[in-house]
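Now for the letters of each chain:
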Amino acid sequence: MRKLSSLIAIMIALLLLISCNAGSDEPASDDSASDAPAASESTAEEKTMENLVVGYAQIGAESEWRTANTASIKETAEQLGVDLKFSDAQQKQENQIAAIRSYIAEGVDVIGFSPVVETGWETVLQEAKDAGIPVIMVDRRADVPRELYATYLGSDFVEEGRKAGNEMNNLLPDGGKIVELVGTVGSAPANDRYSGFREALADNIEIIDSQSGDFTRAGGKEVMEAFLKNYGDEIVGLYAHNDDMAIGAIQAIEEFGLQPGVDIKIVSIDAVRGAFEAMIDGKLNVTVECNPLLGPQFYELALRAVNGEELPEWVPSEESIYYPDNASELLPERQY
Ligand code: AHR
């Protein structure tokens, strides 16, 4: 009996203790209060640019645009004091995948990459996710579920294609036959610039041939030579998915004995310095901008991701359109 009453007494004491703590706003003990960081203080784990380690799997060096993009990624890392591990995949998806795997093994804080093509990334991105490493897609997007990447930083390639289509309509109000130099097959910019252009193109303009020049000058020249051999002076317009292919094609057109920019109107994309020079020479009619200077935005997003911030699905880059009229005025200011 005495045992039972002391048990009841203990239970009542325990209940009283629990209800006191539940009603109080104070922490349970002074020890836990001293462990909590003040609201304005950063936690010990919070990263800064100076202790951020980034792995970046670049596509390669296929164009003037890519060279400027790589310079922006490397130079900004140096300016900010970020520890950058950089690799060049020489246009090969398997090399990019191997680079991403090595960054996972090294335990970097964030991985950035520009997927050379859109498909085939799920397995390696799942591995990064399993390792707790946020991935930022830069410049190009991969076709993967949203939970496999922190954000995508880059251009609206469909819109670039639409802009190019509208410019072609303005250059050829009476319509005619045109050819198209497509970028790397299966890449996001090639797919989107292809469809955006068609959305905007007037009904009186016919695309009589469309082939890949792989975003390179050599590729653009070679494919344009074949177009000229097959269609000769039937061609009144050329749409190139990047400036490098347009510059290669300009050479082919001149060698064929036609005047680029006059006999064949040319619209391309990127707005690199080489395109401004071609516009000044009257050989290129329009270039639609695609901004490669993504370094500063990339590291800012990388830091936010690694510190646990939810990022938007897409951070678009700002872009413009350029014409020959003010090309010489603008060229000295161009950074790429
Ligand atoms: O992904 C961007 C594209 O890739 C650029 O337009 C092209 O020049 C580059 O190689």
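Preceding this section is the structure that the text describes.
Residues numbered from 1 in each chain as written. Predicted model: local features only at pLDDT ≥ 70, side-chain atom pairs only at ≥ 80, totals over all residues. Heavy atoms only, no water.

> Can you lay out the side chain of Gln96 for me, pointing to particular residues and giving the numbers?
Of note, Gln96 is situated in helix 4 (residues 93-106). Other than its neighbours up to four places away in sequence, Gln96 contacts Ala57, Gln58, Ile59, Ala89, Phe113, Ser114, Pro115, Val116 and Trp121. (Helix = DSSP H or I, 4+ residues; strand = E, 2+ residues; numbered from the N terminus. Contact = heavy atoms within 4.5 Å.)

> I'd like a description of the packing of helix 4 against helix 5 (residues 122-130), backed by residues and values.
Running from N to C, helix 4 and helix 5 cross one another at 10°; their axes reach a closest spacing of 10 Å. Here helix 4 lies roughly parallel to helix 5, going by the angle between them. Contacts from Ile97, Ile100, Arg101 and Ile104 in helix 4 reach Thr123, Val124, Glu127 and Ala128 in helix 5. For the contact of helix 4 with helix 5, the residue count by class is five nonpolar, one polar and two charged. (Axes fitted to C-alpha atoms, helices over the stretch in contact; angles between N-to-C directions. Parallel < 35°, antiparallel > 145°, perpendicular 65-115°, else oblique. Nonpolar A, V, L, I, M, F, W, Y, C, P; charged D, E, K, R; others polar.)

> Quick rundown of the pattern of salt bridges? Include the residues and the values.
One pass over the full model with this rule turns up 20 salt bridges. Two residues, Asp109 and Lys47, come together in a salt bridge whose shortest N-O distance is 3.1 Å. Highlighted residues: Asp109 in the loop between helix 4 and strand 3 (110-113) and Lys47 in the loop between helix 2 (30-35) and strand 1 (53-58), separated in sequence by 62 residues. Accessibility expressed as a relative area gives 22% for Lys47, which makes it partly exposed. For Arg198, the salt bridge identified is with Glu180, shortest N-O distance 2.7 Å. (Salt bridge = Lys/Arg side-chain N within 4 Å of Asp/Glu carboxyl O. Buried < 20%, exposed > 50% of the residue type's maximum accessible area, 1.4 Å probe, protein only.)

> Provide a residue-level description of the packing of aromatic side chains, including the pertinent values.
Inspection of the entire model under this criterion finds seven aromatic pairs. Taking the centre distance of 3.8 Å and the plane angle of 15° together, the rings of Phe197 and Tyr239 count as stacked. With Phe197 in helix 7 (residues 188-200) and Tyr239 in strand 8 (residues 235-240), this pair connects stretches of sequence that are 42 residues apart. Neither residue differs from the other here; Phe197 and Tyr239 are each classed as buried. Through pairs of rings, three or more aromatic residues link up here, namely Tyr56, Phe86, Phe298 and Tyr299. The aromatic ring of Phe86 is capped on one face by Lys74, whose charged end is 4.5 Å from the ring centroid. (Phe/Tyr/Trp six-rings, centres within 6.5 Å; stacked < 30°, edge-to-face > 60°. Lys NZ or Arg CZ within 6 Å of the ring centre and 35° of its normal.)

> An account of the site of the ligand is needed here, citing residue identities and associated values.
The environment of the ligand is made up of Glu62, Ser63, Trp65, Arg66, Asp139, Arg140, Phe157, Pro189, Arg193, Phe215, Asn242 and Asp270. Between the ligand and the protein, one listed contact pairs an oxygen atom with a side-chain N or O atom of Arg66 at 3.0 Å. Note that an oxygen atom of the ligand is positioned 2.8 Å from one of the side-chain N or O atoms of Arg140. Computed on the free molecule, the ligand has an accessible area of 280 Å², of which 100% lies beneath the protein chains in the complex. Of all the secondary structure elements, the ones that give two or more residues to the shell around the ligand are helix 3 (64-80) and helix 7. Looking at the shell around the ligand residue by residue, the classes come out as four nonpolar, two polar and six charged. (Near = heavy atom within 4 Å. Polar contact = N/O pair within 3.5 Å; in protein donor to acceptor, adjacent residues only side chain to side chain. Areas by Shrake-Rupley, 256 points an atom, 1.4 Å probe, with all protein chains shown as cover.)

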